[in-house]
Number of protein chains: 2
Amino acid sequence: MTESGENRRVVVVRRPQGLPVSDDFALQPAPVPGPGVAADVLYISIDPYLRGRLSGRHVTGPIAPGAAMDSELVVRTREDSAVGPAGTLARGFGPWQERVAVPEQALTRLPDGLEPESLAIGVVGMPGLTAYAGVHRILHPAAGETVVVSAAAGPVGATAGQLCKAAGARAVGIAGSAQKRAWLVEEAGFDACIDRRGSVRAGLDATCPNGVDMYFDNVGGSVLQAVMERLAPNARVALCGLMDQYNDDEPPPGPNPALVIRARATLRGLVVYDHEDLRADMERDLGARVRRGTLAFREEVFEGIERAPLAFCRLMAGETFGKTVVRLR
Amino acid sequence: MTESGENRRVVVVRRPQGLPVSDDFALQPAPVPGPGVAADVLYISIDPYLRGRLSGRHVTGPIAPGAAMDSELVVRTREDSAVGPAGTLARGFGPWQERVAVPEQALTRLPDGLEPESLAIGVVGMPGLTAYAGVHRILHPAAGETVVVSAAAGPVGATAGQLCKAAGARAVGIAGSAQKRAWLVEEAGFDACIDRRGSVRAGLDATCPNGVDMYFDNVGGSVLQAVMERLAPNARVALCGLMDQYNDDEPPPGPNPALVIRARATLRGLVVYDHEDLRADMERDLGARVRRGTLAFREEVFEGIERAPLAFCRLMAGETFGKTVVRLR
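A quick note: this is a predicted structure, and the numbers were derived from the prediction, not measured.

**Quick look at the pattern of salt bridges**
Residues and elements named next belong to chain A.
Here's step 1: Going through the model one piece at a time under the given rule, you end up with 44 salt bridges over all chains.
Here's step 2: With its nearest N and O atoms 3.4 Å apart, the salt bridge here joins D40 to R99. Here R99 lies in strand 6 (residues 99-102) and D40 lies in strand 3 (residues 37-46), a separation of 59 residues in the sequence.
Here's step 3: Across the pair E229 and R201 runs a salt bridge whose closest N-O atoms are separated by 2.7 Å. Residue E229 is located in the loop between helix 6 (221-228) and strand 12 (231-239), and its partner R201 is located in helix 5 (residues 200-207); the two are separated by 28 residues in the primary sequence.
Here's step 4: Here R201 falls in the partly exposed class, since its relative accessible area comes to 38%.

**Digging into empty space enclosed by the protein**
Here's step 1: Following the criterion strictly, the structure yields three cavities of 30 Å³ or more and no others.
Here's step 2: If you add up the space inside the largest cavity, you get close to 130 Å³.
Here's step 3: For the lining of the largest cavity, the secondary structure elements donating two or more residues are helix 6 of chain A together with helix 6 (221-228) of chain B.

**Section: the relation of the copies chain A and chain B**
Here's step 1: Between the two copies, chain A and chain B, the superposition gives an RMSD of 0.0 Å; the rotation angle is 180° and the shift along the axis is 0.0 Å. Such values leave the two copies arranged in the relation of a two-fold axis.
Here's step 2: Interface overlap between copies: 100% of the residues of chain A at the interface are likewise at the interface in chain B, consistent with a symmetric, same-surface contact.

**Thoughts on helix 2 (residues 126-139) of chain A**
In an α-helix there are 3.6 residues to a turn, and that puts residues three or four apart on one side.
Residues and elements named next belong to chain A.
Here's step 1: Between its terminal C-alpha atoms helix 2 stretches 18 Å, which fits the 20 Å expected from 14 residues at 1.5 Å a residue.
Here's step 2: Most of helix 2 sits inside the fold, with 12 of its 14 residues counted as buried.
Here's step 3: Turning to helix 2, its buried residues number three or more, namely M126, P127, G128, L129, T130, A131, Y132, A133, G134, V135, I138 and L139.

**Quick look at the packing of helix 2 of chain A against helix 8 (residues 279-292) of chain A**
Residues and elements named next belong to chain A.
Here's step 1: Here helix 2 crosses helix 8 at 100°, and the two axes come no closer than 10 Å. By the criterion of interaxial angle, the relationship of helix 2 to helix 8 is roughly perpendicular. When helix 2 is examined against helix 8, the residues M126, G128, L129 and Y132 are found in contact with a partner set consisting of R279, D281, M282, D285 and L286.

The rules behind the values
Residue positions are given per chain, counted from 1 along the sequence in the order it is written. Whichever chain is written first becomes A and whichever ligand is written first becomes 1, with later ones labelled in order. In view of the model being predicted, local features appear only for residues whose pLDDT reaches at least 70, and side-chain atom pairs are presented and counted only at 80 or more, with totals across whole chains, interfaces and linings using the full set of residues. Based on all heavy atoms of the structure, the side-chain values leave hydrogens and waters out of the count. What makes a salt bridge here is a side-chain nitrogen of Lys or Arg within 4 Å of a carboxyl oxygen of Asp or Glu, nothing more. Under the DSSP-based scheme used, a helix requires at least four consecutive residues in state H or I and a strand at least two consecutive residues in state E, with every element numbered from the N terminus. The buried label applies to any residue whose accessible area, calculated with a 1.4 Å probe on protein chains only, is under 20% of its type's maximum; exposed applies above 50%, and partly exposed to all values in between. Definitions used for this entry: grid spacing 1 Å over protein atoms alone; cavity, a set of points where a 1.4 Å probe fits but cannot get out; pocket, an open set with protein on both sides within 12 Å along at least 5 of 7 lines; lining residue, one with an atom within 4 Å of a point. Grid points are joined across faces, edges and corners, and a volume is the space filled by probe spheres set on the points. We place the copies in one frame by least squares, fitting the C-alpha atoms of every residue whose pLDDT is at least 70 in both. We call two residues contacting when some pair of their heavy atoms lies within 4.5 Å. Given the number of residues in a helix, its expected span is that number minus one, multiplied by 1.5 Å. Simply put, an axis is a line fit to the C-alpha atoms, just over the touching stretch for a helix, and the angle between two N-to-C directions goes from 0 to 180 degrees. Should an angle lie under 35 degrees it is considered roughly parallel, over 145 roughly antiparallel, and from 65 to 115 roughly perpendicular; all remaining angles are considered oblique.

Treat this as a map of the structure, not an account of what it does.
Here it is as structure tokens:
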């Protein structure tokens, strides 16, 4: 809200071509929120899958020019509702807008004691659930195995690698900046981290001499190809994200199936919405790790709704570090 | 053996370029068999994976120019051994040669009453085990689901489709000749069969209006791509064979991983040697189906060791129908 009390939102003004730019979006006055629980937005979640929605290519449906951007939010209710009295913190889904009205059944009260509250859309939220489901339902890490994680400094990748480490595996990250790589090894406990902008093949050969038992893929493209060439027998691959192609108009081809056969590998597509049944377990497990200080995480916080387009553009350029959020108040 | 008692074998004289031709092979006098159980060869198994071995690209190792071709055999022993008295029928592995000597521990007595004996290297042998493992360990068919099978008239494909049918699924084959397609529908009980030389995409759209729940892939290439575009939610894909690329020098790219993610599909590489623990179950199950006449199968029999190269070339050109074997006596 501006000081005058005006409500503002971010709309898409045109379909991005390739990497999104700030001019693909506009800040507009928002209508008075309609029916639903009135709430002030505290945080907007900025996520790579939104790029797929802008291209009309995502399972959760398109966002067409003229429409408001929408994603997960952390809100504080302004009236009593099923989630609690006015002032209750909740997670919901809605437009990139300062004040919203969310259907009561679409609000979920935040777990008590979650600090910062943005964790509810970060490593104790959807990204955490994505990592948790991928690790426990697809990768099944065993002690001594090696997991490779791409986009490893993001909230999904960093959490997935740490969960595999906790199960006794070795974790090798792939990340695009020296700062991220240092953090992954020094703070998040990864055993090694490969420079995504260097030779990923050489990096894998050096860090995974016995091949790759598990791969948590957040990028697709040439990194997926390089890892698939090095799968160990009975490898498991969680196909989760496609950062390398979200900005492309036409999907490129993928790895040859001979690589799957040779390794007797199992590849499985991971869509977090299929795994809501794990959310309570995830919140308990990852929430406890955060409180104990045994789960490292990073957030990149942009202040003010007017910076939401910039946050998204930076994310899609690989220039953010950790979970990207916009803080509104 | 020639009438003079000479022993003969087939050797590779040069690495095939693209489709193999008969001149890539030569019939040569074979040495007197060395240590091992002396046996006469009744049948030689002719299989697509041998093409990969000729390119040096198969998990079971290469066959280099100068070496004898080798594969599964049905033999009749000429002396007493652990598998039984002289004259016992056994399955083994050895050169394409009229008389062989096989290490005792590498011989397995044929199941009693198997008729014809070539079934021990056909639908009650390795191809049957491949189908059985793929269906029971990867596809997990459920009633009402749709399975698509490529190279469907081969012993692996036809058996896999019929096993899925027996579990209540619909089976759609893909095959390259009108004769094969008619047999699959009329004799093997497939619900439909698509012309591989026509538009596979249009054929899939017509026969799988609700998408493909299971795919048993024996070919890779453009057929795999077309099926992957049509996977139903939670689809399972058994990646088993690569007939489309065995003749190529460089493996082509494969389908984009977005197709796996969108369908939340599970792809798994199938190598039959990993599933020997299922062989007894497979022999009991498929043997009983053959005896009851509820498992349709075809064999293409070439007579005489001198026709073994032709049999292999015809197989690799897609011109054989059913399990390809060479009968020596």
